[in-house]
Amino acid sequence: NRFGPPVNFLPVHVLKCLFESLIPYYTVIYSRPRSGDFVGDDQGIGDLQDYQLIENEFKDNVTIFSELVKKANTTKYRDYNSLQLHIHSITQRFISVQGGSSYLSSSFGGTNIIFHRKYGGEWSHKYQPYTKLFPKLSRARIMPVKRCGTLLKRVREHYLADVPSNNLPNCMRPMEEQLEQLKEKEEDKDKDKEEDKEAG
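Everything quoted here is computed from the prediction, not taken from an experiment. (Residues numbered from 1 in each chain as written. Predicted model: local features only at pLDDT ≥ 70, side-chain atom pairs only at ≥ 80, totals over all residues. Heavy atoms only, no water.)

Caption draft 1: Molecular detail of the environment of Tyr159. Inspection of the secondary structure puts Tyr159 in the loop between helix H7 (148-158) and helix H8 (175-199). Sequence-wise, Tyr159 and Thr111 are 48 residues apart; in three dimensions their C-alpha atoms are separated by 9.2 Å. Excluding residues that lie within four positions of it along the chain, Tyr159 makes contacts with Leu22, Tyr26, Arg93, Phe94, Ile95, Thr111, Asn112, Ile113 and Arg154. In this structure the side chain of Tyr159 is engaged in a polar contact, spanning 2.7 Å, whose partner is the backbone oxygen of Phe94. (Helix = DSSP H or I, 4+ residues; strand = E, 2+ residues; numbered from the N terminus. Contact = heavy atoms within 4.5 Å. Polar contact = N/O pair within 3.5 Å; in protein donor to acceptor, adjacent residues only side chain to side chain.)

Caption draft 2: Just the state of the cysteines, in detail. One pass over the full model with this rule turns up one disulfide. Each sulfur in the disulfide pair Cys17 and Cys171 lies 2.1 Å from the other. Here the disulfide of Cys17 and Cys171 is right-handed, its torsion about the S-S bond being about 100°. With Cys17 in helix H1 (residues 12-22) and Cys171 in the loop between H7 and H8, this residue pair connects regions lying 154 residues apart in the sequence. Overall, the relative accessible area of 2% leaves Cys17 in the buried class. With relative accessibility at 33%, the residue Cys171 sits in the partly exposed group. (Disulfide = S-S within 2.5 Å. Buried < 20%, exposed > 50% of the residue type's maximum accessible area, 1.4 Å probe, protein only.)

Caption draft 3: Quick look at the packing of H1 against H7. Between H1 and H7, the shortest axis-to-axis distance is 11 Å and the interhelical angle comes to 10°. Taken together, the axes of H1 and H7 lie roughly parallel to each other. For the pair H1 and H7, contact is made by Val14, Cys17, Leu18 and Leu22 and by Cys148, Leu151, Leu152 and Val155, respectively. Here the contact of H1 with H7 is composed, by residue class, of eight nonpolar, no polar and no charged. (Axes fitted to C-alpha atoms, helices over the stretch in contact; angles between N-to-C directions. Parallel < 35°, antiparallel > 145°, perpendicular 65-115°, else oblique. Nonpolar A, V, L, I, M, F, W, Y, C, P; charged D, E, K, R; others polar.)

Caption draft 4: Inspection of H7 at higher detail. Burial in H7 covers these residues: Cys148, Leu151, Leu152, Val155 and Arg156. The buried residues of H7 occupy one face: seen down the axis, they fall within an arc of 135°. Among the structural elements, H1, strand E3 (93-97), strand E4 (111-115) and strand E5 (141-145) are those in contact with the buried residues of H7. (Arc of directions from axis to C-beta.)

The following block contains the structure:
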């Protein structure tokens, strides 16, 4: 990375929240190339702890794309790119990160929520790729975001809109609801203390 440490990636706590929220309602396929998935270009691939998270907590519920490539047994989708294009073509809801994956995920229609924290020309370029170029690739609905909280909010609003809030993990609930829940817990603790005093 010419800018130093990785910047445009989904932190582990955000990935965990996304997995916990989406798994009950979607088939979740996670794609972030690792060394050996394709020909190297000397950029290096960092360890973001994402695959450890999947292995330890979501092994049975999150499909890793590179594992699909290894298991593919048909001539039609045997190589990495063919399978990748096929899966994108039958997907309508994407979450991608600034860079090549965001371009690819915007080329098949549907909705693409793009996490773009810093760097890259998509925000500042005079041709405004996110608002002008990307939608023309496939008439996809493009939603770029700069903050993790905004990303989760967009996912909740557009991918989980029909799910009752109390069926979502706390990390996906609006902050107001989380504060209200904490308030209720504190009130319950106070009631328990009062009952203990009366009983004593």
